[in-house]
Amino acid sequence: MIWNPSEGIDLGFFIIRYYSLMFVVAFGLGWYIMKHIFIREKIDLEKLDTLFIWTVIATLLGARLGHVFFYDWEYYRNNLTEILLPFKFENGFEFTGFRGLASHGAAIAIIIAVYFYSKKVVQKPMLWVLDRVVIPVACGAIFVRLGNFFNSEIVGKETDATYGIKFVRDFYSPKDAVNATQINDVNEAYNAIATNPQFAALLEKVPYKYPAQLYEAIGYIFVFAILFFLYWKTKTREKHGLLFGYFLILLWSVRFVVEFVKESQGGIESLFGVLSTGQWLSIPFILAGLFYLFLAEKPYDEYFKDEE
């Protein structure tokens, strides 16, 4: 399969980028799921708006800072203004958008946001909130990885398998595509490489790679389905931190396994070796999940009595 999607839906005056659209879908579904959870728990829906805003900010800010510090600090330490600005000033001014977002950073930021939300807004134990927030978070993770697939980023390693994909936009940068085809329009240049027999030699150079983003998205579908079932159909929600523990174990185990076929993204793996950066960062989350799994024996009603 040759993968060369357009940047997004062209409305003529504006392009809705697929990656941004997937984030909107993720946050929208997250709000919808939490709305029904709040209704079931008889929580004032006005408090949901605060949770939504805080979670959106924490996700974007945490994901950005996570990429900066976990994966590419060597670059950003010398380009501090680019950490929170979507511009590149090296070799002239260039609008780049935010090219790096790390799920580990987002997870840490969401936990911090939930801590303050539980204390300042909803007045419930932090784990009560986390046990419920992880359901829409798992759902959102599916669409974030689909966004990565549309962006031809976070691709897998090279493969000879029949289900490998040629990620044209991953192999050729916009500048390389224009120079190689002598077509000034970037999208037309990419399309020429992917479909025009005249540039078959250029397409031949693009290796087949594992669609790691799709593997991860499929794994997250199962994580979401399990958490959703446990919350709505069992008494798991009554145990303090149990759903949160399952989430940490399941989601980060999926990430750990998929990393074996994922192309290196750099980061701390150069220091520790053996495993990838994503795997090293996933291990603490999995261990924390096991901790909560074995600790979650106390029902919420008993916890609330102790609090009183």
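Residues numbered from 1 in each chain as written. Predicted model: local features only at pLDDT ≥ 70, side-chain atom pairs only at ≥ 80, totals over all residues. Heavy atoms only, no water.

Undergrad: Help me out: how do you make sense of the overall build of the protein chain in this one?
TA: When helices and strands are counted, the protein chain shows 14 helices and 7 strands. A burial count over the protein chain gives 46% of its 308 residues as buried. Taking all contacts inside the protein chain whose residues are at least 6 apart in sequence as the whole, residues at least 24 apart take part in 68%. In the form shown here, the protein chain has an accessible surface area of approximately 16500 Å², with 63% of it arising from carbon and sulfur atoms. (Helix = DSSP H or I, 4+ residues; strand = E, 2+ residues; numbered from the N terminus. Buried < 20%, exposed > 50% of the residue type's maximum accessible area, 1.4 Å probe, protein only. Contact = heavy atoms within 4.5 Å. Areas by Shrake-Rupley, 256 points an atom, 1.4 Å probe, with all protein chains shown as cover.)

Undergrad: Even after reading the chapter, I still don't get the packing of aromatic side chains, so can you show me in this structure?
TA: Think of a pair of aromatic rings as described by two things: how far the centres are apart, and how the planes are tilted against each other in angle. In the structure shown here, the tally under the stated rule is 19 aromatic pairs. Between Trp3 and Phe149, the aromatic rings sit 4.3 Å apart at their centres with planes inclined by 25 degrees, giving stacked as the arrangement. On the criterion of sequence distance, the pair formed by Trp3 in strand β1 (residues 2-3) and Phe149 in helix α5 (residues 126-150) is long-range, its members being 146 residues apart. Taken as a pair, Trp3 and Phe149 share a single burial class, namely buried. (Phe/Tyr/Trp six-rings, centres within 6.5 Å; stacked < 30°, edge-to-face > 60°.)

Undergrad: What is the right way to look at unusual backbone geometry in this model?
TA: What you tend to see is this: most non-glycine residues have negative phi, and most peptide bonds are trans. Located in the positive-phi region is Gln123, a residue other than glycine, with phi close to 55 degrees. By secondary structure assignment, the location of Gln123 is in the loop between α4 (103-122) and α5. Judged by relative accessible area, Gln123 falls into the exposed class, the value being 52%. Backbone geometry places Ser152, a non-glycine residue, at a positive phi of 55 degrees. With respect to the helices and strands, Ser152 occurs in the loop between α5 and β6 (165-167). Overall, Ser152 belongs to the buried group, its relative accessible area being 4%.

Undergrad: Can you walk me through the layout of surface pockets in this structure?
TA: Remark: the empty space left among the atoms is shown by a probe the size of a water molecule rolled over them. Within this model, the second largest pocket holds a volume of roughly 180 Å³. Taken together, 10 residues form the lining of the second largest pocket, with Tyr71, Trp73, Glu74, Gly267 and Ile268 sitting closest to its centre. Secondary structure elements with two or more residues in the lining of the second largest pocket: α2 (46-70), α3 (73-76) and α12 (269-272). (1 Å grid on protein atoms, 1.4 Å probe; cavity = no way out; pocket = protein on both sides within 12 Å on 5 of 7 lines; lining within 4 Å. Points joined across faces, edges and corners; volume = space filled by probe spheres on them.)

Undergrad: What is the right way to look at the packing of α5 against helix α10 (residues 212-233) in this model?
TA: Describing two packed helices takes the angle between their axes plus the distance from one axis to the other. Taken N-terminus to C-terminus, the directions of α5 and α10 make an angle of 165 degrees; their axes are 8 Å apart at the nearest point. Taken together, the axes of α5 and α10 are roughly antiparallel relative to one another. α10 is crossed by α5, and the crossing has left-handed handedness. Taken together, the residues of α10 that come into contact with α5 (itself represented by Arg132, Val134, Ile135, Ala138, Cys139, Ala141, Ile142, Arg145, Leu146, Asn148 and Phe149) are Gln213, Leu214, Glu216, Ala217, Tyr220, Ile221, Val223, Phe224, Leu227, Phe228 and Tyr231. Here the contact of α5 with α10 is composed, by residue class, of 17 nonpolar, 2 polar and 3 charged. (Axes fitted to C-alpha atoms, helices over the stretch in contact; angles between N-to-C directions. Parallel < 35°, antiparallel > 145°, perpendicular 65-115°, else oblique. Left-handed = near helix turned anticlockwise from the far one by under 90°. Nonpolar A, V, L, I, M, F, W, Y, C, P; charged D, E, K, R; others polar.)

Undergrad: Before we go on, may I ask you to explain the sheet that holds β1 in this structure?
TA: One key point about sheets: their strands pair by backbone hydrogen bonds, in either a parallel or an antiparallel sense. Read across the open sheet, the 3 strands follow the order β1-β6-β7; overall the sheet is mixed. The open sheet has two edge strands with one neighbour each: β1 and β7 (208-209). Here 2 bridges tie β1 to β6, and the two strands are oriented parallel to one another. Considered in β6, the bridge of Trp3 is made with Phe167. (Pairing = 2+ DSSP bridges.)

Undergrad: Help me understand the side chain of Asp131 in this model?
TA: With respect to the element layout, Asp131 can be found in helix α5. Within the buried core, Asp131 has no salt-bridge partner, and the shortest N-O distance to an opposite charge, that of Arg132, equals 4.5 Å. At a separation of 3.4 Å, a polar atom in the side chain of Asp131 contacts the main-chain amide nitrogen of Leu243. (Lys, Arg positive; Asp, Glu negative; His and termini not counted. Salt bridge = Lys/Arg side-chain N within 4 Å of Asp/Glu carboxyl O. Polar contact = N/O pair within 3.5 Å; in protein donor to acceptor, adjacent residues only side chain to side chain.)

Undergrad: Mind showing me how you'd approach the nonpolar core here?
TA: In terms of nonpolar packing, the biggest core is built from 48 residues, with Ile135, Leu227 and Phe247 touching the most fellow members. Considering each element in turn, this core owes the most residues, 12 residues, to α5. If we skip the residues at most four places from it in the chain, Leu227 touches Val134, Ile135, Ala138, Leu243, Tyr246 and Phe247. (Core = buried A, V, L, I, M, F, W, Y, C linked by side-chain atoms within 4.5 Å.)

Undergrad: Hey, could you run me through α4 in this one?
TA: Helical periodicity: at 3.6 residues per turn, an α-helix aligns residues three or four positions apart in one direction. In α4, a bend of some 25 degrees at Phe116 exceeds every other bend along the element. Those residues of α4 that fall on the buried side of the exposure criterion are His104, Gly105, Ala106, Ala107, Ala109, Ile110, Ala113, Val114, Tyr117, Ser118, Val121 and Val122. In the core, the buried residues of α4 are packed alongside α1 (18-41), α2, α5, α11 (242-258) and α13 (277-295). In the segment just after α4, Gln123 is the residue with positive phi, at about 55 degrees. (Bend = angle between axes of the 7 residues up to and from the residue.)

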